[in-house]
Amino acid sequence: MSMRIGHGFDSHAFKPGVPLRLGGLAVDHTEGLAGHSDGDVLLHALTDALLGAVAAGDIGTFFPPSDPRWKDAESSIFLNLALEEIQHAGFRIVNADVTLILAQPKIAPIAGEMRERLAILLDVLPELVSVKAKTPEGLGLDHVAQAHAVVLLERVEDTAGLQTMVAEIESDQALDAVLDGELDELVGESVRTEQIKRTVIPVFDTEDIT
Ligand code: MG
C-alpha cells in the first residue's frame, strides 16, 4: 500500500480586537490571531501538512497574502483546497495529529469539540484526529500561537472518486481556459478551488502570512 506523510507548521501573533479562530472553531478569548485571513493557525498547519504529503506546494503558493480575495477569509477554504489536492493525487487521510503551542487560552476544555470540528472539516471519523496542546515553556513566546500538524495518507485503490471528479469538470473548453490562465474571466467574483489549483505554478512562497 502506497502511503505518504506530511508535516505543516505555522505561527501567528495574538492581536487585540479580532476574534480568535482555532481549528475551525470560534474560541472565546480576549484576543485573536493576526493574519491576512482569519488567522486560524491550526488549519494553516493542517493545510500545509496535506499539501506537503502530496508535494503540492504550500498554503502561500495557492493563497498569496497579496491577493485581496483572501482578506479575512475563512481558513476552511484553504483546507478544502488541500483536500482536493490530495484527492486529485489519488490519496485519502489515514489520520491527522495536531499540536498547538500557546500560553492562552487553555485548549483542554475545547479539545474534544475541536476534534469533532476537524473531523467534519476533514471528512473523517473523530478517532482519526488528534489535538494536543502545550504551553511555550522557556520560549518567550507567550503572545504567539504555533501549530504543528502531521498527516498520514494512503493511496485510494478504488478510483471511482477520481472519475467523479473528472466528470464534475464542466467541459473541455472550461478546463482548457483554466489551464490557459483565464481564471478571472471564468470565475468572476466567486471562488472555485478546483480551478484555482490547476492554475498554480508550484513555486514556494516563503512570505506566507495567511
Ligand atoms: Mg498562517
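This report concerns the structure included in the present document. Only a predicted model underlies this, so the values are computations on that prediction, with no experimental measurement involved. (Residues numbered from 1 in each chain as written. Predicted model: local features only at pLDDT ≥ 70, side-chain atom pairs only at ≥ 80, totals over all residues. Heavy atoms only, no water.)

## Some points on the overall build of the protein chain
Applicable threshold: For the purposes of this entry, the term helix denotes a DSSP run of H or I that reaches at least four residues, the term strand denotes a run of E that reaches at least two, and both are numbered from the N terminus. Think of it in three bands: with a 1.4 Å probe and only protein chains considered, a residue is buried below 20% of the maximum accessible area for its type, exposed above 50%, and partly exposed in between. Here, two residues are considered to be in contact whenever any of their heavy atoms come within 4.5 Å of each other. We get accessible surface area from the Shrake-Rupley algorithm with a probe of 1.4 Å; when it comes to residues, only the shown protein chains can shield them.
Across its full length, the protein chain carries eight helices and seven strands. Taken over 210 residues, the protein chain has a buried fraction of 46%. Of all intrachain contacts in the protein chain linking residues separated by at least 6 positions in sequence, the fraction that spans at least 24 positions is 74%. Carbon together with sulfur atoms contributes 53% to the accessible area of the protein chain, which is approximately 10800 Å² in total.

## Brief notes about the pattern of salt bridges
In plain terms, the rule: For this analysis, a salt bridge means a side-chain nitrogen from Lys or Arg found within 4 Å of a carboxyl oxygen belonging to Asp or Glu.
Taken as a whole and assessed by the stated rule, the structure comprises four salt bridges. A salt bridge links Asp97 to Lys132, with the nearest nitrogen and oxygen atoms 2.7 Å apart. Separated by 35 residues along the polypeptide, Asp97 in strand S5 (residues 91–101) and Lys132 in strand S6 (residues 129–134) bring together distant segments of the chain.

## Description of the sheet that holds strand S7 (residues 144–155)
Threshold: DSSP calls a pair of strands paired once it identifies at least 2 bridges connecting them. Every angle, taken between N-to-C directions, lies between 0 and 180 degrees, and every axis is a line fitted to C-alpha atoms, over only the stretch in contact when it is a helix.
Overall, mixed pairing links the five strands, which are arranged S4-S1-S7-S5-S6 in an open sheet. Edge positions in the sheet fall to strand S4 (31–33) and S6, since each has one partner strand and no second. The average angle at which neighbouring strand axes cross in this sheet is 25°, direction not considered. As defined by bridge partners, strand S1 (residues 3–16) adjoins S4 across three bridges and the pair is classed as antiparallel. Bridge assignment links Pro16 to a residue of S4, and that residue is Glu31. Lying on the sheet, helix H1 (residues 41–53) is in contact with S1, S4, S5 and S7; it crosses S1 at an angle near 155°. Packed on one face of the sheet, helix H3 (residues 76–88) meets S5 and S7 and runs near 145° to S5.

## Here we look at the packing of H1 against helix H4 (residues 111–122)
As a reminder of what qualifies: The labels follow the angle: roughly parallel below 35 degrees, roughly antiparallel above 145, roughly perpendicular from 65 to 115, and oblique for the rest. In this scheme the handedness of a crossing depends on how the near helix is turned from the far one: anticlockwise by less than a right angle means left-handed, clockwise means right-handed.
Orientation of H1 relative to H4, taken along the N-to-C sense of each, is 40°, at an axis distance of 13 Å. For the element pair H1 / H4, the angle class is oblique. The way H1 lies across H4 gives a crossing that is right-handed. Note on element contacts: H4 touches H1 through Met114, Leu118, Leu121 and Leu122, opposite Leu42, Leu43, Leu46 and Leu50.

## Notes on the coordination of the magnesium ion
Here is the rule: Counted as donors are the N, O and S atoms within 2.8 Å of the metal, or 3.2 Å for Na, K and Ca, while water is not among the atoms, so some sites may look incomplete.
Bound to the magnesium ion on the protein side are Asp10 (OD), His12 (NE2) and His44 (ND1), at distances that span 2.0 to 2.3 Å. Counting the intervening residues between successive donors of the magnesium ion yields the motif D-x1-H-x31-H. Of this pair, Asp10 sits in strand S1 while His44 sits in helix H1, and the two are 34 residues apart along the sequence. Each member of the pair, Asp10 as well as His44, is classed as buried.

## Remarks on the packing of aromatic side chains
Here is the rule we go by: Each Phe, Tyr or Trp ring, with Trp reduced to its six-membered ring, pairs with another whose centre is within 6.5 Å; inter-plane angles below 30 degrees give stacked pairs, above 60 give edge-to-face pairs, and intermediate values give tilted ones.
Per the counting criterion, the structure on display carries four aromatic pairs. Ring centres of Phe63 and Trp70 lie 4.7 Å apart, and the angle between their planes is 85°; this geometry places the pair in the edge-to-face category. Trp70 carries the same exposure label as Phe63, and that label is buried. Geometrically, the ring pair formed by Phe63 and Phe78 is tilted, given 4.5 Å between the ring centres and 45° between the ring planes. Highlighted residues: Phe63 in the loop between helix H2 (59–62) and H3 and Phe78 in helix H3, separated in sequence by 15 residues. Overall, Phe78 belongs to the buried group, its relative accessible area being 0%.

Honestly, it's all geometry; don't read function into it.
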